[in-house]
Amino acid sequence: MSPTVEGSAHTSAPSAAVLAAYSYCEAVTGSQARNFAYGIRLLPSDKRQAMSALYAFSRRVDDIGDGMLAPEAKFARLEETRTLLGRIRAEEIDEDDTDPVAVALAHAAGRFPIPLGGLDELIDGVLMDVRGQTYETWDDLKAYCRCVAGAIGRLSLGVFGTANGGGLGAADTARADEYADTLGLALQLTNILRDVREDAGNGRTYLPAEDLAKFGCSDGFGSDRMPAGADFAGLVHHEVRRARALFVEGYRLLPMLDRRSGACVAAMAGIYRRLLDRIEREPEAVLRGRVSLPPHEKAYVAVRGLSGLDARTISRQSTRRRA
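Residues numbered from 1 in each chain as written. Predicted model: local features only at pLDDT ≥ 70, side-chain atom pairs only at ≥ 80, totals over all residues. Heavy atoms only, no water.

### Notes on the nonpolar core
Keep this limit in mind: Nine residue types can take part in a nonpolar core, namely buried Ala, Val, Leu, Ile, Met, Phe, Trp, Tyr and Cys, and a core is a set of them joined through side-chain atoms within 4.5 Å. Relative accessibility thresholds used throughout: buried, under 20% of the residue-type maximum; exposed, over 50%; partly exposed, between the two (1.4 Å probe, protein chains only). Numbered from the N terminus, helices here are DSSP runs of H or I no shorter than four residues, and strands are runs of E no shorter than two. The contact definition used throughout considers only heavy atoms, calling two residues in contact when any of these lie within 4.5 Å.
Formed by 96 residues in total, the largest nonpolar core has its most connected members in F57, I88, L119, L207, F221 and F232. If you tally residues by element for this core, the top one is helix 8 (residues 138-160), at eleven residues. The residues contacting L119, other than those within four sequence positions of it, are L54, F57, S58, L85, L105 and L155.

This is the structure we're talking about:
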């Protein structure tokens, strides 16, 4: 039998088979998640490979939930994926396994202390989608977002690690998981706002029912125009304020990361904050199509993150709060 991926991860450079598996995951990431791929380009190769493996596995789970299979078949496929995750956790994946995503993720889990239980949470969140769950309140939606996005933040932190520096105390660093989770919520809420029309086309409405009712938008988003009396702009601005508060809290993670990990997070979060700015300026644009940033604006955000400007700003703000 070939050596397990875990067994080789700590003792030598990745084998050709493992590198091929990582290359597959990076190709999936580059083709399916341009914002994410843009951010992780700022990482050293080992962390970039691990993040690609996490994305490729997560994408597989999402694709099952978003696919055209009948619900019963989706339930079965998600449980098969959970079983595969159990094999990865138990170090039962060989380097010559035919599933490159499993090979790459198993190797990444040997390199870094990735809390793989976060991927179980992701599966739980996608199961909510398959069941057609709706959300009455923000607290209800927040529980879903913690599964599908907060968990990804915590998984990513397992790759990034934390850097005790910049005046951070142990209690501050211990909150890194919490901040990563909150930043994940901010990104997910931005996604929900950007994709309201696309999600409606798939029969899904994520925004809390009580918010929809408050702004006269309970009929949903099946058209590029809202009915008379609906305050769609008011709804969007309400959710934007909520997302901004989450970003403020989640950004406190940045000073806890090393320079390149912090740059990666700052770039990804910065892209989404700028998307939020665009959505706030023209709420109805999300009813006409997906809002995105041009490449030159993404490049500016990446340079800003790599400079450490965002991390230094957050660090100064945290110091003032403690003073």
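So, next bit.
### Considerations on the packing of aromatic side chains
To keep things clear, this is the line we draw: The pairing test for Phe, Tyr and Trp rings, Trp by its six-membered ring, is centres within 6.5 Å, and the orientation test on the planes gives stacked under 30 degrees, edge-to-face over 60, and tilted for anything in between. By definition here, charges over rings are those cases where NZ of Lys or CZ of Arg is within 6 Å of the ring centre and within 35 degrees of the ring normal.
What the rule picks out here adds up to five aromatic pairs. When the ring of Y135 is compared with that of Y144, the centres are 5.3 Å apart and the planes differ by 40 degrees; the resulting orientation is tilted. Exposure remark for Y135: the relative accessible area of 3% places this residue in the buried category. Since its relative accessible area comes to 4%, Y144 is described here as buried. Here the aromatic rings of F221 and F232 are separated by 5.7 Å at their centres, their planes lie at 65 degrees, and the arrangement is edge-to-face. With F221 in the loop between helix 12 (209-214) and helix 13 (232-250) and F232 in helix 13, this residue pair connects regions lying eleven residues apart in the sequence. Neither residue differs from the other here; F221 and F232 are each classed as buried. A connected cluster of aromatic rings, assembled from ring pairs, spans Y135, Y144 and Y206. Its guanidinium or amino end placed over the ring of Y251, R273 lies 4.9 Å from that ring's centre, counting from NZ or CZ.

### Points about the confidence of the model for the protein chain
As a general rule, the predicted coordinates of low-pLDDT regions are not to be interpreted in detail. Quick note on the threshold: The pLDDT score gives, residue by residue, the confidence of the prediction method on a 0 to 100 scale.
Per-residue pLDDT for the protein chain averages 87, and the proportion of residues at 70 or more is 87%. Long-range and interchain partners of residues 6-11, a stretch whose pLDDT sits below 50, account for ten contacts in this model, where long-range means more than four residues apart.

### Focus on the packing of helix 4 (residues 45-66) against helix 5 (residues 71-89)
As a reminder of what qualifies: Helix axes are fitted to C-alpha atoms over the stretch in contact, other axes to C-alpha atoms as well, and angles between N-to-C directions run from 0 to 180 degrees. The cut-offs work like this: below 35 degrees is roughly parallel, past 145 is roughly antiparallel, 65 to 115 is roughly perpendicular, and the gaps in between are oblique. Crossing handedness is defined as follows: a turn of the near helix away from the far one that is anticlockwise and smaller than a right angle gives a left-handed crossing, while the clockwise case is right-handed. Here the nonpolar group is Ala, Val, Leu, Ile, Met, Phe, Trp, Tyr, Cys and Pro; Asp, Glu, Lys and Arg are the charged ones; every other residue, Gly included, is treated as polar.
Running from N to C, helix 4 and helix 5 cross one another at 165 degrees; their axes reach a closest spacing of 9 Å. The angle between helix 4 and helix 5 falls in the class roughly antiparallel. Judged by the sense of rotation from one axis to the other, the crossing of helix 4 with helix 5 is left-handed. Where helix 4 approaches helix 5, its residues F57, R60, V61, I64, G65 and D66 are matched on the opposing element by K74, R77, L78, T81, L84, L85 and I88. Its residues assigned to classes, the contact of helix 4 with helix 5 shows seven nonpolar, two polar and four charged.

### Thoughts on unusual backbone geometry
We note that E91 has phi near 60 degrees; this positive angle belongs to a residue other than glycine. Structurally, E91 is set in the loop between helix 5 and helix 6 (100-111).

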